[in-house]
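Fold and contact review
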Amino acid sequence: MSRPETSHLFYQTRQRRPVLDQARGVYMWDVDGKRYLDGSSGAMVCNIGHSNPRVLEAMRKQMDKSTFGYRLHFETEPAEHLAAKTASLAPEGLDKVFFVSGGSEAVESAIKLARQNAVAIGEAQRTKVISREPSYHGCTLGALALTGYAPLTAPFEPMMRPMPKIPAPRAYLDGLDPEDEATGHHYADMLEERILAEGPETILAFIVEPVGGASTGALVPPRGYMKRIREICSRYGVLLIHDEVMSGGGRTGKFFAAEHWDVDPDILVISKGFAAGYAPLGAMVAHRDIVANVLDAGGFLHGFTYAGNPLACAAGLAVLEEIERENLCANAAATGTLLKGELTKLMERYSIIGDVRGEGLLLAFELVDDRTTMRPLPRELNAFNHLVDIAYDNGLIIYSRRTRGGYCGDHFLIAPPMISTSGHVAEIIDGLDISLRQLLDRISQQRAQ
Ligand code: PMP
């Protein structure tokens, strides 16, 4: 079939992408029959792999019953069961689940719940949410105001309330040891300094990605950071929001990434891996006391039409069951350790790799000009675009933040589905090996010009 002139996407790259035909497990095929290994699970979404038969069957069954029930008219069985299941996975006390259709909606919901809670408890002067730089929390204006990434936010700054930002703890760039607790405290104490500088009575919340995503390249917090952040928030009555849109759902080896540090937030948000690409779904999960405050004061002034869609919730429930049945968190941890080890070995062959980081199967490597000083590659080399394209041509999908005119480092996320095996790890490493060699050739040609 010939391709129609496109009108459904705004293309910023010169070439149109191939048309997807089908996807199974960790592989995807385009309509020309070319196979790709999905080394980034889409955008860290398809955590349990593509076309899982049990999830598809659960969705078919739900489709035969109903595909929509408006939340103000009906409860639905899938939404009730998924809420209960999600609450059982969340930290103690966080048992109120609010469904949405994606990550940005979940972050908006968290901001608005936090704000309504402050008003309800007589602390209406709390209006600011502190976040980190760099970070990504979504593209709607509320979530964008928290996003620490100027190329995405700049045109909208005059329309948004400026929100305070503190540096993300990129110890590897600052020459600090992430295993040293003093490093974690150094970065966490920046939160306290900022709270004091702004006036503690004005701070509503602090939002943090427990393991960073696209903006920081799978940044893992230094030892002591998460606990100290929790203590600081509690000290000043600031709500702690964990943005687990990408890190939640098991790919770090625990269902919620913050479990690695045994730290509980007041509110958390989850989306990508929640229904793992089978349906648009996300959730805000809040502590019951916060929700009680807001309900007692008249109710939550917020909600999306598609919230709790039964088909999406049936998919989500089947995904969570699959993660448990197949022990996929444990597999993400084990396969992640293997993959991280192999990526680290690539450093011996490619001095251009300056850092390998991440947890479980939320991994990244960063390319640099000089590993000892972590001097970045010159931007005009455009490595963050080229390597993704080269790997794609080689049938391997990896992820970098590619925003027109934007740049937050030459880091690449390697995050295959949680069903990946050691054979898939070997394929990913082979694909990267070939692609890095081709990238180096290209860089030498560019430099010779
Ligand atoms: N928060 C984080 C940490 C994310 O990674 C993303 C998506 N990349 C979002 C929020 C926004 O999610 P969505 O694109 O589904 O709106």
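Taking an unreviewed UniProt entry as the reference, the protein is identified by name as Aspartate aminotransferase family protein belonging to Roseibium sediminicola. Under the UniProt heading Sequence similarities (unreviewed entry), the entry covering the protein gives this text: "Belongs to the class-III pyridoxal-phosphate-dependent aminotransferase family." On record in UniProt, under Cofactor (unreviewed entry), the comment for the protein is "pyridoxal 5'-phosphate".

With that settled, consider the sheet that holds strand β6 (residues 165-167). Pairing is mixed in the open sheet, where 7 strands are placed in the order β4-β10-β9-β8-β7-β5-β6. Each edge of the open sheet carries a strand with a single partner, namely β4 (94-100) and β6. Strand-to-strand twist of the sheet, defined as the mean angle between neighbouring strand axes without regard to direction, takes the value 25°. Sheet topology places strand β9 (residues 267-270) next to strand β10 (residues 282-287); 4 bridges connect them, and they run antiparallel. If you follow I267 over to β10, its bridge partner there is A286.

The subject of this paragraph is the nonpolar core. Counting residues in each nonpolar core, the largest one holds 132 residues, and the members touching the most others are F206, M284 and A315. With 10 residues, helix α11 (residues 310-325) is the largest single contributor of residues to this core. Counting the residues that make up this core, at least three belong to each of domain 1 (20-51 + 327-448) and domain 2 (54-325). What A315 contacts, discounting residues up to four positions off in sequence, is V55, A58, M59, A275, Y278, A279 and L281.

This part takes up the site of the ligand. Among the 15 residues in the neighbourhood of the ligand, the closest are listed as G102, G103, S104, G138 and V245. For the shell around the ligand, the element with the most residues is helix α4 (residues 103-120), which contributes 3 residues. Class assignment for the residues of the shell around the ligand results in 6 nonpolar, 7 polar and 2 charged.

So, about the environment of G212. Along the chain, G212 falls in the loop between β7 (203-208) and α9 (225-235). In this structure the C-alpha to C-alpha distance between G212 and P178, which are 34 residues apart in sequence, comes to 15 Å. Ignoring sequence-local partners within four residues, the contact set of G212 consists of A168, G217, A218 and L219.

Bringing the domain arrangement of the protein into the picture now. As assigned here, the protein comprises domain 1 (20-51 + 327-448) and domain 2 (54-325). Relative to domain 2, the C-alpha centre of domain 1 lies at a distance of 26 Å. Tallying the contact residues gives 35 residues for domain 1 and 33 residues for domain 2. Taken together, the elements giving at least two residues each to the side of domain 1 that touches domain 2 come down to α1 (41-44), α12 (328-349), β11 (353-359), β12 (362-370) and β14 (411-414).

Three or more residues of helix α13 (residues 383-393) are buried, namely A383, F384, L387, I390 and A391. Seen end-on, α13 carries its buried residues on one side only, within an arc spanning 135°. Next to the buried residues of α13 lie β12, β14 and α14 (422-448). At the exit of α13 stands G395, carrying a positive phi of roughly 80°.

Moving on, we get to the environment of S234. With respect to the element layout, S234 can be found in helix α9. Overall, the presence of 12 C-beta atoms within 10 Å leaves S234 in the exposed class. Here the alpha-carbon distance between S234 and A79, two residues 155 residues apart in the chain, equals 32 Å.

A few words on α9. An α-helix turns once every 3.6 residues. As a result, residues three or four positions apart point the same way. Of the residues making up α9, those classed as buried are Y225, M226, R228, I229, R230, I232 and C233. Looking at the buried positions of α9, the neighbouring elements they touch are α8 (181-198), β7 and β8 (239-244). Downstream of α9 by a residue or two, G237 has a phi angle that is positive, lying close to 65°.

Parameters at a glance
Residues numbered from 1 in each chain as written. Predicted model: local features only at pLDDT ≥ 70, side-chain atom pairs only at ≥ 80, totals over all residues. UniProt positions renumbered as here; feature names shortened; annotations may be inferred. Pairing = 2+ DSSP bridges. Helix = DSSP H or I, 4+ residues; strand = E, 2+ residues; numbered from the N terminus. Axes fitted to C-alpha atoms, helices over the stretch in contact; angles between N-to-C directions. Core = buried A, V, L, I, M, F, W, Y, C linked by C-beta atoms within 7 Å. Buried ≥ 20, exposed ≤ 12 C-beta atoms within 10 Å, placed from the backbone. Domains from an automatic or database assignment. Contact = placed C-beta atoms within 7 Å. Near = placed C-beta within 6 Å. Nonpolar A, V, L, I, M, F, W, Y, C, P; charged D, E, K, R; others polar. Arc of directions from axis to C-beta.

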